[in-house]
Amino acid sequence: MADARTDMLARIRGALADRPKAAPVPRDYQRDRPLGGLVELAAERIADYKATVHRVTAAGLVELITARLAEQGARRMIAPPGLPEQWRVDGITWLTDTADAPLSVTDLDGADGVLTGAALAIAETGTIVLDAGPDQGRRALTLVPDYHLCVLRSDQVVGTVPAAITALTADRPVTFISGPSATSDIEFNRVEGVHGPRTLDVLIVEG
């Protein structure tokens, strides 16, 4: 198989030997546009995707986390390894996923949801971006559970996709989330929760 692959690639190179080299691809993307208030726009666009958005002060965050989990009837929640301790509110059984003791798919599927932070958000598209940081954890944590409660700081909101790509680290696994998971069949009947959480709550922390 390796010899066949090598032979095939050699033939392709030979066939292209007399062709001009590809022109350099310009990377001068427009990173900033006059979008107005980025936090306001992000909240509006995230909500457009049928996510629930709450804006809260840092002082009221723990109380709001408690209220949102109570509203969901959550009792067993998944926590990434670096989730801030104060976010682990009382009355919840917290299942912590670590590199040494990763939660199984059964654990993830059996939990009521997951609580994470975020890497950033894109105001123009209403997209939450995760990059497997300590307060987000590995990708499976936010794909298997049916409920995702995500805490986003207002200073993590950028305007555009190019601005987000510039801010992210290239060697980290990145997940872009635009609302709860949803798809539709050939008759355009919307089905939620097929490829990820059915319910997405976003808490935007200001101040």
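Residues numbered from 1 in each chain as written. Predicted model: local features only at pLDDT ≥ 70, side-chain atom pairs only at ≥ 80, totals over all residues. Heavy atoms only, no water.

I tried to follow the nonpolar core on my own but got confused; where do I start?
If you look at soluble globular proteins, the nonpolar side chains tend to sit buried side by side. With 19 residues, the main nonpolar core has Leu61, Ile65, Leu69, Met77, Trp94, Leu115 and Val151 as its most contacted residues. Those elements that provide at least two residues to this core are helix H3 (61–72), strand E2 (76–79), strand E7 (147–153) and strand E12 (199–206). With 4 residues, the top contributor of residues to this core is H3. If we ignore the near neighbours within four places in the chain, the residues touching methionine 77 are Leu69, Ile92, Thr93, Trp94, Leu95, Asp112, Gly113, Val114, Leu115 and Tyr147. Counting residues in hydrophobic clusters, the runner-up holds 18 residues, among them Ala42, Ala43, Ala121 and Val157. (Core = buried A, V, L, I, M, F, W, Y, C linked by side-chain atoms within 4.5 Å. Buried < 20%, exposed > 50% of the residue type's maximum accessible area, 1.4 Å probe, protein only. Helix = DSSP H or I, 4+ residues; strand = E, 2+ residues; numbered from the N terminus. Contact = heavy atoms within 4.5 Å.)

Just to check I follow, could you spell out the pattern of salt bridges for this structure?
Side chains that differ in sign of charge can pair as their charged atoms come close. A complete count under the given rule lists 11 salt bridges for this structure. A salt bridge links glutamate 40 to arginine 55; the nearest nitrogen and oxygen atoms lie 3.2 Å apart. Taken together, the residues glutamate 40 in helix H2 (residues 38–48) and arginine 55 in strand E1 (residues 52–57) connect sequence positions 15 residues apart. The exposure class of glutamate 40 is partly exposed, given its relative accessible area of 43%. (Salt bridge = Lys/Arg side-chain N within 4 Å of Asp/Glu carboxyl O.)

I'm lost on the side chain of threonine 116 in this one. Help?
You can see threonine 116 is positioned in strand E4 (residues 113–116). Taking the relative accessible area as the measure of exposure, threonine 116 reaches 0% and is therefore buried. Only 2.8 Å separates the side chain of threonine 116 from the side chain of histidine 148, close enough to count as a polar contact. In this view, threonine 116 contacts Pro80, Leu83, Trp87, Leu130, Asp135, Gln136, Thr142, His148, Leu149, Cys150 and Val151; residues no more than four positions away in its chain are not counted. (Polar contact = N/O pair within 3.5 Å; in protein donor to acceptor, adjacent residues only side chain to side chain.)

Even after reading the chapter, I still don't get the environment of leucine 41, so can you show me in this structure?
Secondary-structure assignment places leucine 41 in helix H2. By relative accessible area, which is 11% here, leucine 41 ends up buried. As for leucine 41 and arginine 27, which are separated by 14 residues in sequence, their C-alpha atoms are 26 Å apart. Beyond its immediate sequence surroundings of up to four residues, leucine 41 is in contact with Leu35, Ala123 and Glu124.

Even after reading the chapter, I still don't get the sheet that holds E2, so can you show me in this structure?
Backbone hydrogen bonds hold the strands of a sheet together, and the pairing may be parallel or antiparallel. The sheet built from 6 strands is open, its strands ordered E1-E12-E7-E4-E2-E3 with parallel pairing. The outermost strands of the open sheet, each flanked by one partner alone, are E1 and strand E3 (93–96). Recorded for the sheet is a direction-independent mean angle of 25° between the axes of neighbouring strands. For E2 and E3, the ladder comprises 4 bridges, and the chain directions are parallel. Considered in E3, the bridge of isoleucine 78 is made with leucine 95. (Pairing = 2+ DSSP bridges. Axes fitted to C-alpha atoms, helices over the stretch in contact; angles between N-to-C directions.)

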